[in-house]
Amino acid sequence: MPDLLIELFSEEIPARMQGKAAQDLKKLMTDGLVEAGLTYTGAEAFSTPRRLALTLHGLSAESPTLREERRGPKVGAPDKALEGFMRGAGVTRDLLEEREEKKGAFYYATVVTPGRPAAEIVAEQLEKTLRNFPWPKSMRWGAGSLRWVRPLHRVLCLLTDEAGDHPIELDIDGIKAGQITEGHRFMGDGPFEVTGFEDYETRLKRAFVILDPQARADAIWHDATNMAFARGLEVVEDAGLLREVAGLVEWPVVLMGDIAEDFLGLPPEVLQTSMKEHQKFFSVKNPATGRIEKFVTVANIETADNGATILAGNQKVLAARLSDAKFFWENDLRVAKSEGLSAWTERLGNVTFHHALGSQRDRIARITALARSIAPAVSADRQLAGEAADVAKADLSSEMVYEFPELQGLMGRYYAEAAGLPTEVAAACEDHYAPLGPSDAVPTAPVSVAVALADKLDTLTGFWAIDEKPTGSKDPYALRRAALGVIRLVLENGLRINLDRFIDAQLVRHKIALKNGDLDDSQRAELEELVEEIADHGVFGAAWAALRERLSTGGEEIAPVVAPVPDLSDDLLGFFHDRLKVWLRDHGIRHDVIDACLAMPGTDDLALLVTRARALSDFLKTDDGENLLQGFKRANNILAQAEEKDGVEYSFGADVKFAETEEERALFAALEAAEARIAPAMTAEDFGTAMEAMAALRAPIDAFFEAVQVNAENQVVRRNRLNMLASIRKTCLQVADLTKIEG
């Protein structure tokens, strides 16, 4: 069985595209070859700045001959129908077979598709792959029609077996496939022939090309960390930068340079970001001080002076870059110390957040109001939470963040400290964006938590208010991420808060802003009073009713502002529940268990909801839980059928005096004992105890169904037993809606 080697040699491929391109080449080729009938035992894809490579091991020498039987029209069908069938099957009349079936006689044709040599199939699939390659951006050059990310110079396509190596014939816009490649652009010795993958990889290495991107990354990291260790320093880890740099070089040469003393006073994050974004340098820090003191750069060439000239040039360019960063830093510090952060915050009035949701300054005002409302619920000081929310986004107006947007929040902390603001306020400036991703740490300081929740809830309610919700896979405003951030803030901090009132309050704030031109001062004042009442007490319905009563005029104008809020609030809470389902499933909680808990009251208290779901999940994993569930379902099914048949609801309570068997009396006693434990446990939100009490019902319920016929002939006894089943249902449904549990 032959092996296949493909190399696509071009001008430099952007580093960010290389990894996906290698995998796309592998997928397109292997899928196409398998579809054509070829098999293989293994495949590997590689990339360097100037080439994509693919090797397949154990490829079939040819595709198999295929035989397919096709049923045609009935015997006696019109000639045109028969001719169409023969044309589609590629057979003549004499090759048709008549077969008798239940519905009559039919024509059958056996279609034979001969096998094809692997070389022919590979050439066909490679041309198809090249002409339809999914580059994010591509270009044409010269007179050809082929589009590639950069001009394609050479195609290597080679089959190797026991008999030797066999180049595959292929010509794409004048680029003829062969078995020639070349090594490093500067250190290589020009083009050379290869005879297979092992020869290809070995000769590339001799020509100063490391084919495997992971091997290049490992070499870079090994050399860089060793250099740093020898000087008592550490390289700052950055997996993304390491991948990118490994995609910029074919023969990595690691060099360590100095940062001028003038710049060592810059915040380490500023140095790291500037060097990474502009120069693709790794930062090297002193573990004793945390200062960034040196940098690591990776050249693509070995030089006679061991990189001295390269380092000198890099240090000169770096000094110019860091001079800009130093200017921004010193200028921003001057503003923060002399004017405070309010000057920057006011400028955000000229920065649009969203055309329908106003400016960044408008948004800050809403976040500040909400953070003050949330503060008591998260044990934060109301005044500090409001102060932190008011300046949390001030650094968006700073010169440093304008140059390096990824430093927003972090620079806010530095500037808040420079302005002399409280430590809690400075920390919230940095922390309120978190968590941005699933691996990010969640803020724990109360003021930071209050501002982070307010920030995310304002984003979500705002886009709900203007009906810009995520659809399908589209989520341009990262609302799913914001919802997951709220969930993690609540759960990982163990917060017991009812989201409904904060969602309602912020939705009303957004609706006031959207209708602002249609409201007079008194109407706005009434609505703002309503918002405070909702946020502080969570009594939306009562507050709105009271407001309507107090209004002597203007009620009809104000009503449309608030009327849509309950439906929007329910919809947004449902969105939270959908994200929570995903989060809980990732933590081992079944979807039906989550649904059973979502059917209960208080589902805007996410911590309570998760506690209930975990307790129910653990309970259902026990034998008692599984068997009790079956008993409950049996009781519920019998009861539902009887209620449908009789047209009544059996919920008036059974009476022990009508019990005829010991099993009935035992179940009465068990239900009474369970209720005595479950009710106080549920009040105390002790779901574990409640489910223990429910588990005690398993044996008496099983015994009841074994000994007793529910639908007795005596109607009094029958009604009593049905009411007992209703007691079982009522008792069990106090904990969760077990009707939603599968199985």
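The structure presented is a predicted model; accordingly, all values stated were derived computationally and were not measured. (Residues numbered from 1 in each chain as written. Predicted model: local features only at pLDDT ≥ 70, side-chain atom pairs only at ≥ 80, totals over all residues. Heavy atoms only, no water.)

Hey, could you run me through the overall build of the chain in this one?
Secondary structure assignment for the chain yields 28 helices and 18 strands. Computed over its C-alpha atoms, the radius of gyration of the chain comes to 36 Å, more than 25% above the 27 Å expected for a compact globule of 743 residues. Seen along its three principal axes, the alpha-carbon backbone of the chain occupies a region of about 100 × 100 × 55 Å. Out of the 743 residues belonging to the chain, those deemed buried represent 50%. Summarising the internal contacts of the chain: among those between residues at least 6 apart in sequence, 69% fall at separations of at least 24. By element, 49% of the accessible surface of the chain is carried by carbon and sulfur atoms, the whole surface being about 35200 Å². A gap of 3 Å separates the mean positions of the 84 positive and 119 negative side-chain charges of the chain. (Helix = DSSP H or I, 4+ residues; strand = E, 2+ residues; numbered from the N terminus. Rg over C-alpha atoms; globule rule 2.2 N^0.38 Å. Buried < 20%, exposed > 50% of the residue type's maximum accessible area, 1.4 Å probe, protein only. Contact = heavy atoms within 4.5 Å. Areas by Shrake-Rupley, 256 points an atom, 1.4 Å probe, with all protein chains shown as cover. Lys, Arg positive; Asp, Glu negative; His and termini not counted. Charge placed at Lys NZ, Arg CZ, Asp CG, Glu CD.)

Would you take a moment to explain the sheet that holds strand E6 (residues 104–113) for this structure?
Each strand in a sheet pairs with its neighbour through backbone hydrogen bonds, running either in the same direction (parallel) or in the opposite one (antiparallel). Ordered in space as E4-E6-E5, the 3 strands form an open sheet in which the pairing is antiparallel. Of all the strands in the sheet, just strand E4 (66–74) and strand E5 (97–101) have a single pairing partner and so form its edges. Neighbour to neighbour, the strand axes of the sheet diverge by 35 degrees on average, direction disregarded. Direction of pairing for E4 relative to E6: antiparallel, over a ladder of 7 bridges. From the neighbouring strand, Glu 68 faces E6, where its bridge partner is Val 111. (Pairing = 2+ DSSP bridges. Axes fitted to C-alpha atoms, helices over the stretch in contact; angles between N-to-C directions.)

Help me understand the nonpolar core, please; the structure alone is not making it clear to me.
The nonpolar side chains of a soluble globular protein tend to be buried with one another. Core analysis: the largest hydrophobic core is formed by 158 residues, its most contacted members being Ile 259, Leu 453, Leu 460, Leu 616, Met 694 and Leu 725. It is helix H15 (residues 446–465) that provides the largest number of residues to this core, a total of 12 residues. Residue contacts for Leu 725: discarding those within four places in its chain leaves Ala 635, Ile 638, Leu 639, Phe 704, Phe 705 and Val 710. Of all hydrophobic cores here, the second largest spans 37 residues; its members include Ala 22, Ala 43, Leu 146 and Leu 170. (Core = buried A, V, L, I, M, F, W, Y, C linked by side-chain atoms within 4.5 Å.)

Could you clarify how one ought to interpret the pattern of salt bridges in this entry?
Two side chains with opposite charge may pair up if their charged atoms get near one another. Within this structure, the stated rule accounts for 45 salt bridges. Arg 131 is the partner of Glu 127 in a salt bridge, and the nearest nitrogen-oxygen pair spans 3.2 Å. With Glu 127 and Arg 131 both in helix H3 (residues 118–131) and 4 residues apart, the pair spans about one turn of that helix. Residue Lys 294 pairs with Asp 258 through a salt bridge whose shortest N-O separation is 2.2 Å. (Salt bridge = Lys/Arg side-chain N within 4 Å of Asp/Glu carboxyl O.)

Teacher, can you tell me more about the sheet that holds strand E16 (residues 292–299) here?
Across the sheet, which stays open at both edges, the 4 strands sit in the order E13-E15-E16-E14 with antiparallel pairing between neighbours. Across the chains shown, the open sheet's two edge strands, defined by having one partner strand only, are strand E13 (234–235) and strand E14 (253–258). Direction of pairing for E14 relative to E16: antiparallel, over a ladder of 6 bridges. The partner of Val 253 across the bridge, within E16, is Ala 299. Packed on one face of the sheet, helix H5 (residues 213–230) meets E13, E14, strand E15 (282–285) and E16 and runs near 35 degrees to E14.

Hey, could you run me through the packing of aromatic side chains in this one?
Aromatic rings in a pair are described by how distant their centres are and how their planes are angled relative to each other. Taken as a whole and assessed by the stated rule, the structure comprises 15 aromatic pairs. Ring centres of Phe 704 and Phe 705 lie 5.4 Å apart, and the angle between their planes is 70 degrees; this geometry places the pair in the edge-to-face category. Each member of the pair, Phe 704 as well as Phe 705, carries the same accessibility label: buried. Among the aromatic residues, those joined into a cluster by ring pairs are Trp 329, Trp 344, Tyr 414 and Tyr 415. Note that Arg 71 overlies the ring of Phe 106, its terminal NZ or CZ placed 4.1 Å from the centroid. (Phe/Tyr/Trp six-rings, centres within 6.5 Å; stacked < 30°, edge-to-face > 60°. Lys NZ or Arg CZ within 6 Å of the ring centre and 35° of its normal.)

When you look at the state of the cysteines in this model, what are you seeing that I'm missing?
What makes a disulfide is a covalent bond joining the sulfur atoms belonging to two cysteines. Taken as a whole and assessed by the stated rule, the structure comprises 0 disulfides. You can see Cys 597 has no disulfide; the closest cysteine sulfur is in Cys 732, sitting 14 Å from it. (Disulfide = S-S within 2.5 Å.)

Where do I start with the environment of Asp 94 in this structure?
Here Asp 94 is to be found in the loop between helix H2 (79–89) and E5. Residue classification places Asp 94 among the exposed positions, given a relative accessible area of 63%. Linking Asp 94 and Leu 241, residues 147 residues apart in sequence, is a C-alpha distance of 69 Å. Within polar-contact distance, the side chain of Asp 94 engages the side chain of Thr 92 at 2.3 Å. (Polar contact = N/O pair within 3.5 Å; in protein donor to acceptor, adjacent residues only side chain to side chain.)

In this structure, what is going on with the environment of Lys 103? I would like to understand it.
Looking at the secondary structure, you find Lys 103 in the loop between E5 and E6. Since its relative accessible area comes to 68%, Lys 103 is described here as exposed. Taking the C-alpha atoms as reference points, Lys 103 and Lys 74, 29 residues apart in sequence, are found 9.1 Å from one another.

Looking at this structure, how should I read unusual backbone geometry?
A negative phi holds for most residues other than glycine; trans holds for most peptide bonds. Between Ala 434 and Pro 435 the backbone carries a cis peptide bond, its omega angle lying at -5 degrees. Checked against the element boundaries, Pro 435 lands in the loop between helix H14 (423–431) and H15. The backbone of Phe 208 sits at a positive phi, close to 65 degrees, despite the residue not being glycine.

I keep staring at the packing of H14 against H15 and nothing clicks. Help me out?
Describing two packed helices takes the angle between their axes plus the distance from one axis to the other. With their axes 8 Å apart at the nearest point, H14 and H15 run at an angle of 40 degrees to one another. Taken as axis vectors, H14 and H15 run oblique relative to one another. As H14 runs across H15, the sense of the crossing is right-handed. Residue-level inspection shows Glu 424, Ala 427, Ala 428 and Asp 431 of H14 in contact with H15, the latter providing Val 447, Ser 448, Val 451 and Ala 452. A breakdown of the residues in the contact of H14 with H15 according to their chemical character gives 5 nonpolar, 1 polar and 2 charged. (Parallel < 35°, antiparallel > 145°, perpendicular 65-115°, else oblique. Left-handed = near helix turned anticlockwise from the far one by under 90°. Nonpolar A, V, L, I, M, F, W, Y, C, P; charged D, E, K, R; others polar.)

How do you make sense of a negative patch on the surface when you look at a structure like this?
There is a patch of like negative charges on the surface, built from Asp 3, Glu 44, Glu 198 and Glu 201. With respect to the helices and strands, the residue Glu 201 is situated in helix H4 (residues 197–206). In this structure Glu 201 comes out as partly exposed when scored by relative accessible area, which is 34%. (Patch = residues over 30% accessible without salt bridge, like charges linked within 9 Å, V, L, I, M, F, W, Y side chains within 5 Å.)

Is there a simple way to think about the pairing of strand E2 (residues 42–48) in this case?
Within a regular beta strand, the side chains point alternately toward one face of the sheet and then the other, so they alternate between its two faces. Taken across its 7 residues, E2 has 6 buried, putting it largely inside the fold. In this antiparallel pair of consecutive strands, E2 and strand E3 (residues 51–57), the connection spans 2 residues.

I would appreciate a short explanation of the environment of Arg 634 in the present structure.
Within the secondary structure layout, Arg 634 lies in helix H24 (residues 623–646). Accessibility expressed as a relative area gives 43% for Arg 634, which makes it partly exposed. Taking C-alpha positions, Arg 634 is 70 Å from Ile 172, a pair spaced 462 residues apart along the chain.

It is not clear to me how the side chain of Thr 345 should be interpreted in this structure. Could you clarify?
Residue position: Thr 345 is located in helix H9 (residues 342–347). Residue contacts for Thr 345: discarding those within four places in its chain leaves Arg 361, Ile 364, Asp 390, Val 391 and Ala 394.

Teacher, can you tell me more about helix H17 (residues 499–514) here?
An α-helix turns once per 3.6 residues; consequently, residues spaced three or four apart project the same way. Helix length check: H17, at 16 residues, gives a terminal C-alpha distance of 22 Å against a target of 22 Å (1.5 Å per residue), a fit within 8%. When you tally the buried positions in H17, you get 13 out of 16 residues, the bulk of the element. (Expected span 1.5 Å × (residues − 1).)

That's the geometry; what it means functionally is another story.
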